[in-house]
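Below, each chain spelled out in residue letters.
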Amino acid sequence: RLQTDHIDLIQLHSVGNLERLDLVTAAGGALEAVVRARDEGLASWIGITGHSHDAPATHLEALRRFPFDSVLSPLNWVLAQDPDYLDGYERLVEEVKRHDIALMIIKSAARRNWPRDDDDHRYATWYEPFDDQATIDAAVAWVLSHNEITGIATAGDVRIFPLIIEAERRAAEMSRDEAAEVLGRASSYSSPFIDIPI
């Protein structure tokens, strides 16, 4: 369906806790399948992703089990205010730097979970994204100010996409401290992983 016989990167998706990591790395698990695809020339690289408060620690353990080429893990200003989360993320950064692994970031523009009493989800995302240019500028600038980051994933709604692209274009114009000041004033800003929909 993709009209290609080769994919650059296959990612084991949504591996955000040790239980899921055990499943995908077990004998006969998904990791064996993607290694086979790479060995058969169907893909060049193998990555891992995760969406949870445990993702950085889980990805660190994943790198102990297998030499992944890339990691896609969550980071944004509000997650970094949690000392435990930040510690896990920083330990992951040490490991990816040690082995020259690509570190990509998700949820840079995530504002919070959709409120339970909000039936009008305006965007095709499972979390509520920021949707004003100034806050997205700050969110993207803050994340991209971390030099360990290879790139960011955009929000999964085409109406947010141009705002993120514009924020990436001008990210160097805002310092990390300036971005943090904007984000510190953002209303209803919290982790999107408090109540993840299944």
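Every value quoted in this text rests on a predicted model; they were computed, and no experiment measured them. (Residues numbered from 1 in each chain as written. Predicted model: local features only at pLDDT ≥ 70, side-chain atom pairs only at ≥ 80, totals over all residues. Heavy atoms only, no water.)

Caption draft 1: Examining the packing of aromatic side chains more closely. According to the stated counting rule, one finds 5 aromatic pairs in the structure shown. Measuring from ring centre to ring centre gives 5.9 Å for Trp-77 and Tyr-189, while their planes differ by 20°; the resulting arrangement is stacked. Residue Trp-77 is found in the loop between strand 3 (70–74) and helix 4 (83–99), and its partner Tyr-189 is found in the segment after helix 7 (176–184); the two are separated by 112 residues along the sequence. A residue is classified by how much of its surface remains accessible, and Tyr-189, at 12% relative accessible area, is buried. Between Trp-126 and Phe-193, the aromatic rings sit 6.1 Å apart at their centres with planes inclined by 35°, giving tilted as the arrangement. Remark: Phe-193 occurs in the segment after helix 7 and Trp-126 occurs in the loop between strand 5 (110–113) and strand 6 (127–129); sequence separation between them is 67 residues. (Phe/Tyr/Trp six-rings, centres within 6.5 Å; stacked < 30°, edge-to-face > 60°. Helix = DSSP H or I, 4+ residues; strand = E, 2+ residues; numbered from the N terminus. Buried < 20%, exposed > 50% of the residue type's maximum accessible area, 1.4 Å probe, protein only.)

Caption draft 2: Representation of the packing of helix 3 (residues 55–65) against helix 4 in the model. Where helix 3 meets helix 4, the closest approach of the two axes is 8 Å, and the angle between their N-to-C directions is 30°. Taken together, the axis directions place helix 3 and helix 4 in an arrangement best described as roughly parallel. In the packing of helix 3 onto helix 4, the handedness of the crossing is left-handed. Within the contact between the two elements, helix 3 uses Pro-56, His-59, Leu-60 and Leu-63 and helix 4 uses Tyr-85, Gly-88, Tyr-89, Arg-91, Leu-92, Glu-95 and Val-96. Partitioned by chemical class, the residues of the contact of helix 3 with helix 4 number 7 nonpolar, 2 polar and 2 charged. (Axes fitted to C-alpha atoms, helices over the stretch in contact; angles between N-to-C directions. Parallel < 35°, antiparallel > 145°, perpendicular 65-115°, else oblique. Left-handed = near helix turned anticlockwise from the far one by under 90°. Contact = heavy atoms within 4.5 Å. Nonpolar A, V, L, I, M, F, W, Y, C, P; charged D, E, K, R; others polar.)

Caption draft 3: Seen up close, the environment of Arg-169. On the secondary structure map, Arg-169 appears in helix 6 (residues 161–169). On the basis of relative accessible area, Arg-169 is assigned to the exposed category, the value being 58%. Residues Arg-169 and Val-140, spaced 29 residues apart in sequence, show a C-alpha to C-alpha distance of 9.8 Å. Polar side-chain contacts of Arg-169 include one of 2.5 Å to the side chain of Glu-166. (Polar contact = N/O pair within 3.5 Å; in protein donor to acceptor, adjacent residues only side chain to side chain.)

Caption draft 4: Examining the side chain of Ser-70 more closely. Tracing the backbone through its elements, the reader meets Ser-70 in strand 3. The residues contacting Ser-70, other than those within four sequence positions of it, are Leu-9, Gln-11, Ile-46, Gly-47, Ile-48, Ile-101, Ala-102 and Met-104.

Caption draft 5: Inspection of the sheet that holds strand 4 (residues 102–106) at higher detail. Strands sit in the order 1-2-3-4-7 across an open sheet of 5 strands; the sheet is parallel. Two strands close off the open sheet at either side, each with one partner strand: strand 1 (7–12) and strand 7 (151–152). Summarising the sheet, strand 1 and strand 2 (residues 43–49) pair through 5 bridges and their orientation is parallel. The residue bridging Ile-10 from the neighbouring strand is Ile-46, located in strand 2. (Pairing = 2+ DSSP bridges.)

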